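Structural overview
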Amino acid sequence: MSHHIVEVTKLRHVYPDGTEALRGVSFRITHGESVAIIGANGAGKSTLLLHLNGHLVPSEGSIRIGDYPLTRTTLPEIRRTVGMVFQNPDDQLFMPTVYDDVAFGPLNLGIPREEVEQRVLDALERVGAGHVRNKAPYHLSGGEKKRVAIATVLSMSPDILVMDEPTSGLDPCARRQLMQLLKEFHHTKIFTSHDLDMVLDVCERTIVLHEGEVRADGPTREIFADERLLLECRLEKPLSMQGCPVCGTASRR
Amino acid sequence: MARIDAASLDITQLDRLALGDTFLHRLDPRAKVLVTAVFIIAVVSYGKYEVTALVPFVLYPAVMLAQGRIPFRVIARKAVFVLPFALAIGIFNPFFDREILVRLGPLSINAGWVSCAAIVARSLLTVAAAIILVAVTGFPSVCWALERLGMPRTFAVQLLFLYRYIFVLVEEGRNASRARELRSAGKRTMGMSTFVSLIGHLLLRTWERAERIHRAMLARGFTGEFHARREFRFTGTDLLFLLGWSSLFMVMRYWNVSRIFGNLVTGIFR
């Protein structure tokens, strides 16, 4: 099952205005891993994600998704393999109804209509949004939009799920439900997030980006235990790992 | 600001209406597009003093509204939007074209008023027909039909994007305008410089937003082709719908039905 692998080698990206957003990033994510990419604002997280399905072209270095190197010819296949959920669901949902939106990807792949219908229903069921399928996306709540945005990608049956800030803008309950949902997926998962408690809960591995470089890469708990590292990268321990503000005792770890 | 909000709601309302499942909704979009085209051509082709002959054409929007279960108010509200434009074109006619055309006892109506009325009537009818088309078909299907009827795909996709991005523009515009309102201490008008920079920002913001949406589309395999919600096949029913309405429009165009009807009625009473 080599096609769930993401391999980034010495990736460097320079924007047209001369900003060097990525300076030689390398990592390898294998099948079924759940990985968080964290870092301060401007550390290069979004730039990195945009490379993973070919929206940005590397200035140097290479990317391999599964069996293919990312090139112009492999792009369609790679975009099917890598399901990308953007930060703002409003950018992702653009069709008149939820159903149309979830069907958009499979129809583009040329899947027969009967199967598309099944896929749409399955995907919506999976994220618990079956009841809104005939609604217009702009009538949904933030949490519902996020779920539908995930469904639009699931309906293409990707092997790798990439999400930019999955929990941003959600209320605590919707956030909790989403995290539960994410844990149930057996895809290879890559998230960027500032929600470090979510990272601690959902991802076993964390990559820390700092000024366009990989500053650390390892088990999430170890990364969050290294206070100096976190401070240097403008991060901090997840709240659940910090002491209790009322009774003063440390909670987990 | 309420007006921008209302306008965007209006558009989404058309989208919702298009989700209906009546006989009209199930027809092939091509049939509906063609009927609308024939209707518009027939209505527009009248001479400038023709008002009475237009009256029977009201039949088409009326039947479509009833059959498509579309509330009259929705269409009326939108059609009224063109009224100012139509009036702006026709309003000077009464002053330039003073020849007396109709006499009703002591009241004489000059040709200018008649041609003005004709302009307004024609614009209302054609706009209503176009709006009804979108309401019973849905915009993506209309574009699909146009493409199938021979419009280059680039134009069809362009049209679709135009429609989709109206929402983006409205939303960004609303946010910008709200932000300005909140800091303008109750002043209702904005200076030229504020306006210019607001519009500039709006352009850049919608641009970025559009780019993000485009990325999301590419990520889901978009290749420049939009797929309609249903698969349509041009059936006998569609053909019947097309031929039926078209021939009715032809009949109404070549024989002044109102006059015939009028003569008939006056004939009976004589």
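Every chain begins its residue count from 1, and numbering advances along the sequence as written. Throughout, the order in which chains and ligands are written sets their labels, letters from A for the former and numbers from 1 for the latter. Two thresholds apply to this predicted model, a pLDDT of at least 70 for residue-level local features and 80 or more for giving and counting side-chain atom pairs, whereas whole-chain, interface and lining totals are computed over all residues. Remark: hydrogens and water are excluded; side-chain values derive from all non-hydrogen atoms of the structure.

1. So, the overall build of chain B
The numbering of helices and of strands both runs from the N terminus, where a helix is a DSSP run of H or I of at least 4 residues and a strand a run of E of at least 2. Along the backbone of chain B there are 13 helices and two strands. Across its three principal directions, the C-alpha atoms of chain B cover 70 × 55 × 30 Å. For each residue, the accessible area found with a 1.4 Å probe, counting protein chains only, is set against the maximum for its type, and the residue is called buried under 20%, exposed over 50%, and partly exposed in between. For chain B, buried positions account for 41% of its 270 residues. Residue pairs at least 24 apart in sequence account for 78% of intrachain contacts in chain B once pairs closer than 6 positions are excluded. Accessible area for chain B stands at about 15700 Å²; split by element, carbon and sulfur atoms hold 67% of it. His is not counted here, nor are the chain ends, while Lys and Arg score as positive and Asp and Glu score as negative. Lysine's charge is taken at NZ, arginine's at CZ, aspartate's at CG and glutamate's at CD. For chain B, the distance from the average site of its 33 positive side-chain charges to the average site of its 17 negative ones is 5 Å. Contacts are assigned to residue pairs with any non-hydrogen atoms lying within 4.5 Å of each other. Surface accessibility in these figures is a Shrake-Rupley result with a 1.4 Å probe; residues are shielded only by whichever protein chains are displayed.

2. Let's talk about the nonpolar core
Nonpolar cores were defined as sets of buried Ala, Val, Leu, Ile, Met, Phe, Trp, Tyr and Cys residues, with membership established by side-chain atoms within 4.5 Å. Core analysis: the biggest nonpolar cluster contains 49 residues, and I38(A), V102(A), V148(A), I150(A), V208(A) and F224(A) have the highest contact counts within it. Per-element tally for this core: the top contributor is helix α6 (residues 142-154) of chain A, with six residues. If we ignore the near neighbours within four places in the chain, the residues touching V208(A) are I38(A), E213(A), V214(A), R215(A), A216(A), I223(A), L229(A), C233(A) and L235(A). By size, the runner-up hydrophobic cluster in this structure holds 46 residues, among which are M64(B), L125(B), L242(B) and W245(B).

3. Considerations on the interface of chain A and chain B
Each partner contributes residues to the interface: chain A has 25 residues there, and chain B has 25 residues. Carbon and sulfur atoms supply 56% of the area that chain A and chain B bury against each other, a total of about 2500 Å² over both sides. Between D91(A) and R209(B) there is a salt bridge; the shortest N-O distance is 2.7 Å. For the purposes of these results, a polar contact is taken to be a pair of N or O atoms within 3.5 Å, where, inside protein, one atom must be able to donate a hydrogen and its partner to accept one; residues adjacent in sequence count only when each atom of the pair is a side-chain atom. One can count six residue pairs in polar contact (both at pLDDT 80 or more) joining chain A with chain B. Residue assignment for the side of chain A that touches chain B shows that the elements contributing at least two residues are α3 (89-92) and α4 (98-108) of chain A. Ranked by residue count, the leading element in the side of chain A that touches chain B is α4(A), at seven residues. Following the grouping adopted for this structure description, the nonpolar residues are Ala, Val, Leu, Ile, Met, Phe, Trp, Tyr, Cys and Pro, the charged ones are Asp, Glu, Lys and Arg, and the polar ones are all others, Gly among them. A breakdown of the residues in the side of chain A that touches chain B according to their chemical character gives 10 nonpolar, nine polar and six charged. Summed over both partners, buried area is the accessible surface (1.4 Å probe) that two parts give up on being assembled. Salt bridges are defined by distance alone: a side-chain nitrogen of Lys or Arg within 4 Å of a carboxyl oxygen of Asp or Glu.

4. A few points about the sheet that holds strand β5 (residues 68-69) of chain A
All names here are of chain A. Overall, antiparallel pairing links the four strands, which are arranged β2-β1-β4-β5 in an open sheet. Whereas interior strands pair on both sides, the edge strands pair on one side only; in this sheet they are β2 (20-29) and β5. The pairing of strand β1 (residues 6-14) with strand β4 (residues 60-65) spans five bridges and is classified as antiparallel. Of the residues in β4, the one forming a bridge with E7 is R64. By this definition, two strands are paired if DSSP reports at least two bridges between them.

5. Comments concerning the packing of helix α10 (residues 153-182) of chain B against helix α11 (residues 192-219) of chain B
Residue and element names in this part refer to chain B. Running from N to C, α10 and α11 cross one another at 135 degrees; their axes reach a closest spacing of 9 Å. The orientation of α10 with respect to α11, classified from their angle, is oblique. The element α10 and its partner α11 pack so that their crossing is right-handed. Counted together, F161, Y165, V168, L169, E171, E172, G173, N175, A176 and R180 of α10 and T194, L198, L202, R205, T206, R209, A210, I213, H214 and M217 of α11 form the full contact between these two elements. Of the residues belonging to the contact of α10 with α11, the class tally is 10 nonpolar, five polar and five charged. Axis definition: a line fitted to C-alpha atoms, limited for helices to the stretch in contact. Angles are taken between N-to-C directions and run from 0 to 180 degrees. Oblique is the label for any angle not covered by the other classes, which are roughly parallel (under 35 degrees), roughly antiparallel (over 145) and roughly perpendicular (65 to 115). Each helix crossing is assigned a hand: it is left-handed if the near helix lies turned anticlockwise from the far helix by less than a right angle, otherwise right-handed if that turn is clockwise.

6. Considering the domain arrangement of chain B
Residue and element names in this part refer to chain B. Boundary definitions for the domains trace back to an automatic or database domain assignment. We note that the domain assignment places domain 1 (1-150 + 228-256) and domain 2 (152-225) within chain B. Relative placement of domain 1 and domain 2: their C-alpha centres are 29 Å apart. In this assembly, 13 residues from domain 1 lie in contact with 14 residues from domain 2. Both sides of the domain 1 and domain 2 interface together cover about 1300 Å² of buried area, and 70% of this is carbon and sulfur. Our count for the domain 1 to domain 2 interface comes out at one salt bridge. Its salt-bridge partner being R153, residue E147 comes within 3.3 Å of it at the nearest N-O pair.

7. Section: unusual backbone geometry
What you tend to see is this: most non-glycine residues have negative phi, and most peptide bonds are trans. Residue and element names in this part refer to chain A. Unusually for a residue other than glycine, S157 sits at a positive phi of about 40 degrees. Along the chain, S157 turns up in the loop between α6 and β7 (160-164). S157 gets classed as partly exposed once you look at its relative accessible area, which sits at 34%.

8. Description of the packing of α4(A) against helix α5 (residues 113-126) of chain A
For any two helices packed against each other, the geometry comes down to the angle between their axes and how far apart the axes lie. All names here are of chain A. Relative orientation of the contacting elements α4 and α5 amounts to 125 degrees, with a least axis distance of 9 Å. Comparing their axes, α5 and α4 come out oblique. Between α4 and α5 lies a crossing whose hand is right-handed. Where α4 approaches α5, its residues V98, Y99, V102, A103, P106 and L107 are matched on the opposing element by R113, V116, E117, V120, A123 and L124. Taken together, the residues that form the contact of α4 with α5 break down as 10 nonpolar, no polar and two charged.

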